[in-house]
Amino acid sequence: MKLWEDKIRQVVPYVPGEQPQIKNIVKLNTNECPYPPSPMVEKAIREYNTAELRKYPSFVCRELKAALRKTYPVTDDMLFLGNGSDEVLALCFMTFFNSDKPVLFPDITYSFYDVWCDLYNIKYKRVPVNEKFEITPEDYFGENGGIVIANPNAPTSICMPLESIERILQNNRNVIVIVDEAYIDFGGESAVSLLDKYDNLVVVQTFSKSRALAGIRVGYAMAGKELVDALEAVKNSFNSYTLNSLSQTAAAAAANDVEYWEDCRKKIMATRSRMIKELSELGFETLPSSANFIFTTNKNVKAAELFEFLRSKGVIVRYFNKPRISEYLRITVGTDGEVDRLVEEVKNFVG
Ligand SMILES: *Cc1c(COP(=O)(O)O)cnc(C)c1O
């Protein structure tokens, strides 16, 4: 053993879905948008003045914040921007979860939450979802050091009604409640409307899913000014210029094109309904989805075997070999053509 080995911080990292560089695959494993970003993004990048790259980016992000204000009822001092919502969430954990009591989140949820807790030495407790994979608000009413809930939840795709989120807030006035809304644009109702009433609420969203910009790495939190100031202070103790100027430009262009965004969401929701219906004709039971992915199971099919079969045919979906969900597949809603290929190959497997 080397003498420095025990001085190195040991962490078990989050493992993202694979990004295979193979042509002609149908990639339905990481919940990216199947459509390109708004044409306005291409225009903004083409017209971008490269000479600007000589300077550090603006950390005020005025244009991007103005673009977001088109859609959300917030002021600039209620917006916190970061490199993807993963970075925003990590900074939220570091800033807001600082208690002797455990932070609460569902047992089946985004598997980054426990990774951040371990990284920052935050105590946590996993709260089981019910047998229908639903979150029970009452389970979050006891003493805790903070709460984080993905709504819609991942990988279950189930969305909690806003009333349930509000009940959790009403019963947790002394801790910070983070609602991770990565998938809110596919049928859910955002908790943004509760920001006026609850100064302990943080709503986190991303450009990676409904705005088709996973590659540009932009996410944001919306919260009261006090919480945003606290986030800024932690971020500025780490890296002041987090968001590069090209990403700010591209994200602002996407947020300004509200019509294209609405269109994309509607197309994905329509394809989702068809996908669930066609799979149900093949014996699949799918949880009610408010996301751009589905979580589905079939009593007569081993999920792991179907996963491998699809993979061998160039259709990549996500399989989690974990308690309670090892007979389910998480499948991103693709284009209509991609969903046709998926259904075709599933048919071949089911026979
Ligand atoms: C995709 C996802 C995110 C973050 O994605 P970014 O690309 O980092 O913005 C956050 N939470 C959940 C539940 C997600 O699925």
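Residues numbered from 1 in each chain as written. Predicted model: local features only at pLDDT ≥ 70, side-chain atom pairs only at ≥ 80, totals over all residues. Heavy atoms only, no water.

A few words now on unusual backbone geometry. The linkage connecting Asn-151 with the following residue, Pro-152, adopts the cis geometry, with an omega of -5°. Examined against the element boundaries, Pro-152 turns out to sit in the loop between β5 (147-150) and α5 (162-170). In this model, Ala-154 is joined to Pro-155 through a cis peptide bond whose omega is 5°. Within the fold, Pro-155 resides in the loop between β5 and α5. A positive phi angle, close to 60°, is found at Asn-31, a residue other than glycine. Overall, Asn-31 belongs to the buried group, its relative accessible area being 1%. Positive phi is not limited to glycine here, since Phe-133 has a value of about 70°. Structurally, Phe-133 can be placed in the loop between β4 (124-127) and β5. (Helix = DSSP H or I, 4+ residues; strand = E, 2+ residues; numbered from the N terminus. Buried < 20%, exposed > 50% of the residue type's maximum accessible area, 1.4 Å probe, protein only.)

On to the environment of Arg-272. Among the structural elements, Arg-272 can be located in helix α8 (residues 258-280). Judged by relative accessible area, which is 10%, Arg-272 ranks as buried. A C-alpha to C-alpha distance of 26 Å links Arg-272 and Pro-323, two positions 51 residues apart in sequence. Within the local environment of Arg-272, its side chain forms a polar contact with the backbone oxygen of Ser-289, the two atoms lying 3.5 Å apart. (Polar contact = N/O pair within 3.5 Å; in protein donor to acceptor, adjacent residues only side chain to side chain.)

By themselves, these figures tell us nothing about what the structure is for.
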